[in-house]
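What follows is the residue order along each chain.
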Amino acid sequence: MLRALSSEGESYVLASLTKNQIKQLKLKKNITFYCPSCHEKVIIKSGEKRIPHFAHQASSSCPFANGEGSYHEQGKLDLFHWFFNQGYHVELEKYLPAIKQRPDLFITSTNKKIAIEYQCAQIGAKEILTRTTGYQQLGIVPIWILGGNRLKRKQNEKLRLTSVDHYFIHQLSNHLPTAMFYYCPHTKQLAIIHNIYFTNLTYATGSIRFHPLSNIHFTNIFKLQHVNQPIYTFWIQEKKRWRLRLNQHPNSDERHWLQWLYLQRLAPSQLPSYIHLPTISQWKMTVPSWNWQSRLCIDLLMKQKTFTVRECSQFLIRYEQNANQFPLISPTHSPVLEYLHQLCYLDIVKRTTSNLYHWNTDFQPHATIEQALAADEIILSKLGKISKMKHEF
């Protein structure tokens, strides 16, 4: 804990004091320090290896009594100074009694309140949702910045995300890209990931940029940076990997999908190239895009020929999570509409009225893997010409 209140009601942040000032505080017999949250007595902890901080007694029942590591404390201080140096009114570890929560940083401006959670340790989905919705109930905008120690990159533009990491995806309004944020106090760099597309349930790609913390303004972290590799260019390689892969240990969902595909007398390498296309709202789905897109095309669109968006949504409801489970993301995302938009552009589907669509092609499986890969590249190159991917409806 970096901040405590004195018996006189003054707020103290030990990390902002010199060693001599901390020594003088320790020598004072008439001053006692208290936790701003539980009001229990706390003691000064200072040494050569750790950032000076306050600590509860071992018997404390305060929910904030568990100590934070030096990595987390240093990152929190760096972010505090980052906001302060930009002119923001920022408070360290402000306790909010109405919801019994204490964000790492609390920012107030003329028309907005922001809670910054700097999360380095693993945390459960339930706790993330409780904290996030708690802030929102008070009209506070929550922003989660993850510790750089949690960033797992596989390639330059590809990262590994756990199922819990999905809850840290932000989109503050319909006009901003999806985003995740990481800060490392060792390198003093802020990593910003924009336009996050999931290739499966574990891996995603996006525009990943690293910025020295001192070189970027807070308001700029939400703006989409220059993209080196457009999503459809990346997806050509993703489709190739998917068609050629051999998963020795498929999970239960994939086994069911492979069994279903076998009953259709199909193999993954034969599926048409308009199956397994990228959708920005894949985070809402409980199965990979090749699973739900193939089922939608084969079991509904091809058989019914004419269909509505509602019918597609009802068909996929078993695979789609409720948007309320992701309160950090604007709720306008629809994987069905994104996918139909691409199929219309490719003339696979034709939109006949505002809400009615017609299947507009013959289902032709690929005869060889070479034919499939060539067709994938043609289709994705066509989609790459869309000037702006529509994912807001």
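## Concerning the sheet that holds strand E5 (residues 53-56)
Spatial ordering of the open sheet is given by E2-E1-E3-E4-E5, a layout of five strands whose pairing is antiparallel. In this open sheet, the two edge strands, each paired with only one partner strand, are strand E2 (11-13) and E5.

## A short note on the state of the cysteines
Under the defined criterion, the tally for this structure stands at zero disulfides. Unpaired in terms of disulfides, Cys120 finds its nearest cysteine sulfur in Cys184, a separation of 9.1 Å. Its sulfur unpaired, Cys297 is 9.0 Å from the next cysteine sulfur, which belongs to Cys312.

## Here we look at unusual backbone geometry
Negative phi characterises most residues that are not glycine, and trans characterises most peptide bonds. The backbone of Lys100 sits at a positive phi, close to 55°, despite the residue not being glycine. Positionally, Lys100 belongs in the loop between strand E6 (89-92) and strand E7 (105-108). By relative accessible area, which is 63% here, Lys100 ends up exposed. A positive phi is found at Lys188, a non-glycine position, where the angle reads about 60°. Counting through the fold element by element, Lys188 comes out in the loop between strand E12 (179-184) and strand E13 (189-198).

## Considerations on the sheet that holds strand E15 (residues 306-308)
By definition, the strands of a sheet pair up through backbone hydrogen bonds, in either a parallel or an antiparallel sense. Overall, antiparallel pairing links the three strands, which are arranged E15-E17-E16 in an open sheet. Edge strands, defined here as strands with exactly one partner in the open sheet, are E15 and strand E16 (349-351). In this sheet, adjacent strand axes meet at a mean angle of 30° when their direction is disregarded. Pairing of E16 with strand E17 (residues 356-359) involves three bridges; the strand directions are antiparallel. Across the sheet, the residue bridging to Lys350 is His358, located in E17.

## Description of the nonpolar core
Among the nonpolar cores identified, the biggest contains 44 residues, and Tyr274, Leu296, Leu301 and Tyr339 are the most heavily contacted of them. If you look at the next biggest cluster of nonpolar residues, it comprises 31 residues, including Phe83, Cys120, Ile145 and Tyr183.

## Remarks on the pairing of strand E8 (residues 113-119)
Most of E8 sits out of view: six of its seven residues are buried. Strand direction decides the pairing type here: E7 and E8, joined by four bridges, are antiparallel. The residue of E8 that forms the bridge with Ile107 is Ile114. Turn length for the E7-E8 hairpin, with the two strands adjacent in sequence and antiparallel, is four residues. A crossover connection joins E8 to the parallel strand E9 (residues 141-147) through helix H3 (residues 125-137); in handedness this β-α-β unit is right-handed.

## Some details on the pairing of E13
Counting buried positions along E13 gives nine out of 10 residues, so the element sits mostly inside the fold. In terms of strand pairing, E12 meets E13 through six bridges, oriented antiparallel. Bridged to Tyr183 within E13 is Leu190. The antiparallel hairpin formed by E12 and E13 contains four residues in its connecting segment, where Lys188 sits at a positive phi of about 60°. Where E13 and strand E14 (residues 203-212) come together, eight bridges link them in antiparallel fashion.

Thresholds, definitions, all that
Residues numbered from 1 in each chain as written. Predicted model: local features only at pLDDT ≥ 70, side-chain atom pairs only at ≥ 80, totals over all residues. Heavy atoms only, no water. Pairing = 2+ DSSP bridges. Helix = DSSP H or I, 4+ residues; strand = E, 2+ residues; numbered from the N terminus. Disulfide = S-S within 2.5 Å. Buried < 20%, exposed > 50% of the residue type's maximum accessible area, 1.4 Å probe, protein only. Axes fitted to C-alpha atoms, helices over the stretch in contact; angles between N-to-C directions. Core = buried A, V, L, I, M, F, W, Y, C linked by side-chain atoms within 4.5 Å. Right-handed = clockwise from strand over helix to strand, strands pointing away.

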